[in-house]
Amino acid sequence: MAGMKGKQTVWDMVRSLAVIGVVVAGIYIFIPHDEKADPTHVVDYRVETITARRAAPYPVAAPVGLPAQWRATSVTYDRKAGNAWHLGFLDPKGQYVAIEQSSDASAKHLASVTQKAEPTGQTQQIGDLVWERWEGEKYDALVRQEQGYATVVTGTASFEDLGAMVAALEFKQGAQQ
């Protein structure tokens, strides 16, 4: 009788797995899914921008008037990490562009947010401001160091698209909303 008990247990387990497999297959077949859909999760950054502008000791940069093809994918403000402001986008070509600001303008911080890009010695005039061009293996960047903070526009996008982001930036602080 003991031998029969073990065979029943194994057979019961096999039948249970078969039933679970049928249920999973049914769910996969009958629940709609679009494999061609864009998996990008777009975020609304308006509230975080207002919060950062009230809290940051520098004018916080956020784009105004970007075409709808620019999609915001991430936003954070971290007071404890040097008042770090981050706003990430995918540009119309699917390349990544990030706005990084911080009251930590150290070489270590700049290397971190630019993925170890380095200054080229070249500059780029955008509007009234001059930006340093940095190049790296992973990211390129446009960097502007001010008194007490740094603004970096960086990513996998071309310098042309990084410049388009810089041109759209509006710098505001606190009650200037």
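Cut-off values and rules
Residues numbered from 1 in each chain as written. Predicted model: local features only at pLDDT ≥ 70, side-chain atom pairs only at ≥ 80, totals over all residues. Heavy atoms only, no water. Helix = DSSP H or I, 4+ residues; strand = E, 2+ residues; numbered from the N terminus. Buried < 20%, exposed > 50% of the residue type's maximum accessible area, 1.4 Å probe, protein only. Contact = heavy atoms within 4.5 Å. Areas by Shrake-Rupley, 256 points an atom, 1.4 Å probe, with all protein chains shown as cover. UniProt positions renumbered as here; feature names shortened; annotations may be inferred. Arc of directions from axis to C-beta. Phe/Tyr/Trp six-rings, centres within 6.5 Å; stacked < 30°, edge-to-face > 60°. Salt bridge = Lys/Arg side-chain N within 4 Å of Asp/Glu carboxyl O. Core = buried A, V, L, I, M, F, W, Y, C linked by side-chain atoms within 4.5 Å.

Looking at the overall build of the protein
- Summing up its helical and strand segments, the protein has four helices and nine strands in all.
- Reading the protein from its N terminus to its C terminus gives the helix and strand order α-α-β-β-β-β-α-β-β-β-β-α-β.
- Expressed as a percentage of its 177 residues, the buried residues of the protein come to 34%.
- Residue pairs in contact within the protein that sit at least 24 positions apart in sequence constitute 49% of those at least 6 positions apart.
- Total accessible area on the protein is roughly 11100 Å²; 57% of this is exposed by carbon and sulfur atoms.

Re the side chain of D91
- Within the secondary structure, D91 sits in the loop between β3 (84-90) and β4 (96-102).
- If sequence neighbours within four positions are ignored, D91 has contacts with Q69, W70, V97, A157 and D161.

A closer look at the UniProt feature "transmembrane region" (unreviewed entry) in the protein
- As annotated by UniProt and renumbered to match this structure, "transmembrane region" (unreviewed entry) occupies residues 12-31.
- Between the end C-alpha atoms of residues 12-31 there is a gap of 28 Å, over a span that is 95% helix and 0% strand.

Things to note about helix α2 (residues 46-55)
- Residues of α2 that are buried include every one of T49, A52 and R53, and no others. On an axial view of α2, the arc spanned by its buried residues comes to 100 degrees, and they lie on one face. Within α2, the exposed residues directed more than 90 degrees away from the buried face are V47 and R54.
- Each element contacted by the buried residues of α2 is listed here: β1 (60-63), β2 (71-78), β3 and β9 (169-172).

Structural notes on the packing of aromatic side chains
- By the definition in use, this model includes three aromatic pairs.
- Arranged with centres 5.2 Å apart and planes meeting at 15 degrees, the rings of Y58 and Y149 form a pair that is stacked. With Y58 in the loop between α2 and β1 and Y149 in strand β8 (residues 149-155), the pair connects residues that are 91 residues apart, well separated along the chain.
- Exposure remark for Y58: the relative accessible area of 1% places this residue in the buried category.

Here we look at the pattern of salt bridges
- Overall, the coordinates contain five salt bridges when judged by the stated rule.
- In this structure, the salt-bridge partner of D44 is R46, at a minimum N-O distance of 2.5 Å.
- A salt bridge links D161 to K93, with the nearest nitrogen and oxygen atoms 3.2 Å apart. Note that D161 is positioned in helix α4 (residues 159-168) and K93 in the loop between β3 and β4, a separation of 68 residues in sequence.
- Among the residues examined, D161 registers a relative accessible area of 10% and is labelled buried.

Here we look at unusual backbone geometry
- Phi is positive for N83, close to 55 degrees, though the residue is something other than glycine.
- Structurally, the position occupied by N83 is in the loop between β2 and β3.
- Even without glycine at this site, Q115 takes up a positive phi of about 55 degrees.

Looking at the nonpolar core
- In this structure, W85, L87, F89, I99, V153 and M165 are the most contacted members of the largest nonpolar core, which totals 26 residues.
- Looking at this core, the elements with two or more residues in it are β1, β2, β3, β4, β8 and α4.
- Residues in contact with I99, not counting those within four places in the same chain, are A61, P63, W85, H86, L87, F89, V152, V153, M165 and L169.
- Ranked by size, the runner-up nonpolar core spans eight residues in total, among them V113, W134, A150 and V152.

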